[in-house]
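Chain by chain, the residues run as shown.
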Amino acid sequence: MHIGHLRNSVLGDTVARVFKWLGYSTEVCNYIDDTGVQVVDVVTALLYLDPPFFKEGASDFKSIWEKIPKDQPFDYFCWDLYARFQGEVEKDPSLKERREEILHQIEGEQPPVAIFAKDLATRIVQSHLETVAQLSIFYDLLNWESDIIHQGFWGATFEILKERGGLRFETEGPNKGCWVVPFGGIVETSDGVKSLDKILVRSNGSVTYTGKDIAYQLWKFGLLKKDFLYQTWGKQANGEELWTTDKDGQPRDRLLKQFGNADRVINVIDVRQSYPQEVVSECLRQMGFEKEAERSIHLAYEVVNLSPQAAHVLGSEETEEKRSVAMSGRSGTGVKAKDFIEMVKKKVVEKAGHPLEESVSNALASAAIRYYLLKFTLESQIVFDFDEALKTTGDTGVYLEYAHARACSILRKAEERKIIFHWGKEAVPAQLTETERDLMEVLSRFNSVVVRTGKNLRMSQLTEYAFNLATSFTNFYEHPDPGSDVQTPFIHLQDENLRTFRLSLVRAFQIVMGNMLRLMGMPTLERI
RNA sequence: GCGCCUGUAGCUCAGAUGGAUAGAGCUACGGACUUCUAAUCCGUAGGCCGGGGGUUCGAAUCCCUCCAGGCGCGCCA
């Protein structure tokens, strides 16, 4: 899991928080691609790359599990192994054959390899969930691709598609023997004749990713006769139960749980998936699910790339002449999510100038990272650079936390001095100062900003507003009486009405800023 | 070839439904801490909003065109 995946997780989690705030009931699903090439490659590598090798027909994987080092996170080990395997498989054709065998066994759900693969995927997922939990990211349900296959989702989808039209069996042309969705026909391009039609079933009878995705989308809307079986995964740090699909689980009516049946679906997937996502909603439309197609929203965001300097640091060679370098699991170049979190934590501690409690440095790092990943617009490619990403001053999450903590400190000091204040109209001065007026104006925009963000799904508008809010507060704090030579601390004000007014503004800020931080999934620190 | 996206200060980016003198952070330089928290604040410097044309009382924003860059158009996932 690298920082690109982190952008996805942070965006999705924030969208969910906004909708919850707006009163919608939300369900956050995490799709686990446990039958894809990555898992197949790692399984093959684990069984056949280093001794002791897996013996055909054996059912005991103890010696295989023992190969895994204990001194690093499991997903790190898999990351390196996967990258290494890409090189090895080029050199050794027998590994290619092994990979084919593994693929078939996993697809065919044949024990013991399929069970081993599932165990392996489970451990990786566990590791990823631990990582994102550090950024307060939680889910409601894990949806396993293997369960989509196992429960026969595709069969049911295939029937509907055939019934309602919109699916065609090709008897000639480049897609001969495939079931396709007509999506533009044959086109001549610079590199030969191509079909724009989307293949859902290959000529060998297997289903493509898009095919499964259509089935999954139907399930999300409750349009499929089929359903998963479910099981609890465990309690998360936010106190909520996480559920998972599981072929040995329980039907949902037995669990008295509600999954799927959405009336709106937001798929948070990077912009490179725009075309297949369009195919998914177009298929829904052609199946007669006009309304659901309309309410299938692809929240497309640009990818995270590496700056040439960052790529160089990570040992990538293709840095020259490029503005940005794509991260690649195959070559193993990428900033790992856990590393990034640790780096920011270290930076925060360095910058503090005084000892920080672990919980505070964790909180600051979390705020800094979420802010950094949210503040870019969806269309903006993040060119990751270490200096830029590790900033703790200015337009950062740390600034927000600091402003919030400062407000808390003022209120705490006021309480210590036994200053009691109650908001009342009579406390409002006849003439507001510029910074007072500005802060009140920004505070009043909170609701409309959240509503707007819920409509346009542009989470960067939250960070933008939060930064304006924090700036207005800081200005008010530094210059409550702009133009005057002396700025009297609020708690020292002699004029009781003015003191009440300004402390009330501090409290209002503290409440609104706290709401903003929670909306963006950032901790609310009372002191730093 | 077709489609989508991007181009705003030295750097990284905001500018929702067209609106006044285009904003912020970083960087550079100069200032302000025995304080309600200086991870802050104030000041200076920095712009033909990629180029050209159009619509409009008014364009960074809408339309056309050109230039530059990224992505997509797999019987990969």
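Residues numbered from 1 in each chain as written. Chains lettered and ligands numbered in written order. Predicted model: local features only at pLDDT ≥ 70, side-chain atom pairs only at ≥ 80, totals over all residues. Heavy atoms only, no water.

### A closer look at the sheet that holds strand β14 (residues 382–384)
Hydrogen bonds between backbone groups are what pair the strands of a sheet, and the pairing can be parallel or antiparallel. Spatial ordering of the open sheet is given by β13-β12-β14, a layout of three strands whose pairing is mixed. Unpaired on one side and paired on the other, β13 (325–326) and β14 mark the two borders of the sheet. Relative to β14, strand β12 (residues 304–306) runs parallel, the two sharing three bridges. Across the sheet, the residue bridging to Asn305 is Val383, located in β14. (Pairing = 2+ DSSP bridges. Helix = DSSP H or I, 4+ residues; strand = E, 2+ residues; numbered from the N terminus.)

### Concerning unusual backbone geometry
A cis amide bond, omega -5 degrees, links Pro51 with the succeeding residue Pro52. Here Pro52 shows up in the loop between α2 (37–48) and α3 (62–65). Of note, the phi angle at Asn261 is positive, near 55 degrees, even though the residue is not glycine. Structurally, Asn261 can be placed in the loop between α10 (252–255) and β10 (265–270). Of the residues examined, Asn261 reaches a relative accessible area of 42% and is grouped as partly exposed. (Buried < 20%, exposed > 50% of the residue type's maximum accessible area, 1.4 Å probe, protein only.)

### A closer look at the packing of aromatic side chains
The tally for this structure, following the rule as stated, stands at 30 aromatic pairs. Residues Tyr31 and Tyr209 carry aromatic rings whose centres are separated by 6.4 Å and whose planes lie at 85 degrees to one another, so their mutual orientation is edge-to-face. Of this pair, Tyr31 sits in strand β1 (residues 29–32) while Tyr209 sits in helix α9 (residues 209–220), placing them 178 residues apart in sequence. Ring centres of Tyr230 and Phe259 lie 4.4 Å apart, and the angle between their planes is 25 degrees; on these two criteria the pair is classed as stacked. Of this pair, Tyr230 sits in strand β8 (residues 230–235) while Phe259 sits in the loop between α10 and β10, and the two are 29 residues apart along the sequence. With respect to burial, Tyr230 and Phe259 carry one shared label: buried. Put simply, the rings of Tyr31, Phe153, Tyr209, Tyr216, Trp219, Phe228, Tyr230, Trp243 and Phe259 touch in pairs and so form one group of aromatic residues. (Phe/Tyr/Trp six-rings, centres within 6.5 Å; stacked < 30°, edge-to-face > 60°.)

### Let's talk about helix α5 (residues 93–107)
Over its 15 residues, α5 runs 21 Å from end to end, which matches the ideal 21 Å to within 8%, given 1.5 Å per residue. Structurally, α5 contributes buried residues whose contacts are with α2, α4 (74–91) and α6 (113–133). (Expected span 1.5 Å × (residues − 1). Contact = heavy atoms within 4.5 Å.)

### Some points on the nonpolar core
Grouped together as the largest cluster of nonpolar side chains are 94 residues, with contacts concentrated most on Phe340, Phe384 and Leu469. Examining the composition of this core, we find that 11 residues originate from one element, helix α15 (residues 358–374), more than from any other. Core analysis: the second largest hydrophobic core is formed by 34 residues, Tyr31, Phe183, Val201 and Trp219 among them. (Core = buried A, V, L, I, M, F, W, Y, C linked by side-chain atoms within 4.5 Å.)

### Concerning the pairing of strand β2 (residues 141–144)
Both faces of β2 are covered, namely the face carrying Leu141 and Asn143 and the face carrying Leu142 and Trp144. The sheet contact formed by β1 and β2 spans four bridges and is parallel. Its bridge partner lying in β2, Cys29 is registered against Leu141. As defined by bridge partners, β2 adjoins strand β9 (residues 241–245) across two bridges and the pair is classed as parallel. From the neighbouring strand, Leu142 faces β9, where its bridge partner is Thr244.

### As for the pairing of β8
Pairing analysis gives five bridges linking β8 to β9, with the strands arranged antiparallel. Considered in β9, the bridge of Gly234 is made with Leu242. What sits between the antiparallel neighbours β8 and β9 is a turn of five residues, in which Gly239 has the positive phi angle 90 degrees.

### Overview of the pattern of salt bridges
Counted by the stated rule, this structure contains 24 salt bridges. Note that Arg17 is salt-bridged to Asp13, the shortest N-O span being 2.7 Å. Of this pair, Arg17 and Asp13 both sit in helix α1 (residues 3–21), separated by four residues, roughly a single helical turn. Assessed through its relative accessible area of 23%, Arg17 is described here as partly exposed. Asp13 gets classed as buried once you look at its relative accessible area, which sits at 8%. One salt bridge connects Glu66 with Lys62, and the closest N-O pair in it is separated by 3.9 Å. Like Glu66, the residue Lys62 is exposed in the burial classification. Taken together, the shared-partner salt bridges in this structure form one network comprising Glu282, Arg285, Glu290 and Glu294. (Salt bridge = Lys/Arg side-chain N within 4 Å of Asp/Glu carboxyl O.)

### Considering the packing of α2 against α5
Taken N-terminus to C-terminus, the directions of α2 and α5 make an angle of 120 degrees; their axes are 9 Å apart at the nearest point. By the criterion of interaxial angle, the relationship of α2 to α5 is oblique. Seen along the crossing, α2 lies across α5 with a hand that is right-handed. Of the residues in α5, those in contact with Val40, Asp41, Val43, Thr44, Leu47 and Tyr48 of α2 are Leu95, Arg98, Arg99, Ile102, Leu103 and Ile106. Looking at the contact of α2 with α5 residue by residue, the class counts come to eight nonpolar, one polar and three charged. (Axes fitted to C-alpha atoms, helices over the stretch in contact; angles between N-to-C directions. Parallel < 35°, antiparallel > 145°, perpendicular 65-115°, else oblique. Left-handed = near helix turned anticlockwise from the far one by under 90°. Nonpolar A, V, L, I, M, F, W, Y, C, P; charged D, E, K, R; others polar.)

### Digging into the confidence of the model for chain A
The pLDDT averaged across chain A works out to 92; a share of 98% of its residues lies at or above 70. As scored by the predictor, the complex reaches a pTM of 0.94 and an ipTM of 0.94. (pLDDT = per-residue confidence, 0-100.)

### Quick look at the protein's contact with RNA strand B
What surrounds RNA strand B is a group of 58 residues, the closest being Asp33, Arg202, Thr377, Tyr402 and Tyr477. Here the atoms of RNA strand B within 4 Å of the protein split so that 69% fall in sugar or phosphate, with bases taking the remainder. One of the backbone nitrogen or oxygen atoms of Pro174 is found 3.5 Å away from a base nitrogen of RNA strand B. Interatomic distance of 3.0 Å between a side-chain N/O atom of Glu464 and a sugar or linking oxygen of RNA strand B. Of all elements in the fold, only β6 (192–195), α14 (337–352), α17 (397–416) and α20 (460–478) reach the threshold of two or more residues within the surface near RNA strand B. With eight residues, α17 is the single largest residue contributor to the surface near RNA strand B. (Near = heavy atom within 4 Å. Polar contact = N/O pair within 3.5 Å; in protein donor to acceptor, adjacent residues only side chain to side chain.)

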